[in-house]
Amino acid sequence: QVQLVESGGGLVQAGGSLRLSCAASGRTFSLYAMGWFRQAPGKQRELVAAITRGGSTTYADSVKGRFTISRDNARNTVYVQLNSLKPEDTAVYYCAARIRWLPIGSYEYDYWGQGTQVTVSS
């Protein structure tokens, strides 16, 4: 089993920045990929960014150039830096992790965090 705990959400003005963190515990050696999803009210959950154990990354088109995902394997932590935030980035952001070797853009994840709210005011 793997447990994921997110932190770093909050309220920020448009144009501002936040850094979200996701600390993994448990059988972390088995993890292949970690990702960040978001879900706004009335919308489907969206894959924002993902990173594999080897460091390959992928981003949603809507966040390319603004968000950066990274991981610290020694600390079993994955981060996403959110820059140039827009009101449409407002959502609950979820950290996820998977063991399975699937394409990096896959939405199939095995473990989920509880979510952290990001609110961007205009």
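Attention in this report is confined to the structure presented alongside it. Please read these numbers as outputs of a predicted model, since none were measured by experiment.

Parameters at a glance
Residues numbered from 1 in each chain as written. Predicted model: local features only at pLDDT ≥ 70, side-chain atom pairs only at ≥ 80, totals over all residues. Heavy atoms only, no water. Helix = DSSP H or I, 4+ residues; strand = E, 2+ residues; numbered from the N terminus. Buried < 20%, exposed > 50% of the residue type's maximum accessible area, 1.4 Å probe, protein only. Contact = heavy atoms within 4.5 Å. Core = buried A, V, L, I, M, F, W, Y, C linked by side-chain atoms within 4.5 Å. Phe/Tyr/Trp six-rings, centres within 6.5 Å; stacked < 30°, edge-to-face > 60°. Lys NZ or Arg CZ within 6 Å of the ring centre and 35° of its normal. Salt bridge = Lys/Arg side-chain N within 4 Å of Asp/Glu carboxyl O.

**With respect to the side chain of Thr-116**
Part 1: Looking at the element boundaries, Thr-116 is found in strand S11 (residues 116-121).
Part 2: For Thr-116, a relative accessible area of 11% puts it in the buried group.
Part 3: With sequence-adjacent residues up to four places away left out, Thr-116 is seen in contact with Glu-6, Gly-9, Leu-20, Ala-91, Val-92 and Tyr-93.

**What about the nonpolar core?**
Part 1: Ranked by size, the top nonpolar core spans 29 residues in total, and within it Leu-4, Met-34, Trp-36, Phe-67, Val-78, Leu-82 and Tyr-93 carry the most contacts.
Part 2: Elements represented by at least two residues in this core include exactly strand S1 (2-7), strand S3 (18-26), strand S4 (33-39), strand S5 (46-52), strand S7 (67-72), strand S8 (77-82), strand S9 (91-98) and S11.
Part 3: Listed in part, the eight residues of the second largest apolar core include Ala-33, Tyr-94, Ala-96 and Tyr-109.

**Side note on the packing of aromatic side chains**
Part 1: For the coordinates displayed, the defined rule picks out five aromatic pairs.
Part 2: Between Phe-37 and Trp-112 the ring centres are 4.8 Å apart and the planes differ by 55°, which places this aromatic pair in the tilted class. With Phe-37 in strand S4 and Trp-112 in strand S10 (residues 111-112), the pair connects residues that are 75 residues apart, well separated along the chain.
Part 3: Its relative accessible area of 1% is what places Phe-37 among the buried residues.
Part 4: Trp-112 gets classed as partly exposed once you look at its relative accessible area, which sits at 34%.
Part 5: Among the aromatic side chains, those forming a connected cluster through ring pairs are Phe-37, Tyr-107, Tyr-109 and Trp-112.
Part 6: Above the plane of the ring of Trp-112 lies Arg-45, whose end atom (NZ or CZ) is 4.7 Å from the centre.
Part 7: Over the face of the ring belonging to Tyr-109 we find Arg-98, whose NZ or CZ atom lies 4.5 Å from the ring centre.

**A few points about the pattern of salt bridges**
Part 1: Applying the stated criterion to the full structure yields seven salt bridges.
Part 2: In this structure, Asp-61 engages Lys-64 in a salt bridge whose closest nitrogen and oxygen atoms are separated by 3.1 Å.
Part 3: The closest approach of N and O atoms between Asp-110 and Arg-100, which form a salt bridge, is 2.8 Å. One end of the pair, Asp-110, is in the loop between S9 and S10; the other, Arg-100, is in the loop between S9 and S10, with 10 residues separating them in the sequence.
Part 4: Asp-110 gets classed as partly exposed once you look at its relative accessible area, which sits at 31%.
Part 5: Each of Arg-38, Glu-46, Arg-66 and Asp-89 takes part in a single network of salt bridges with overlapping partners.

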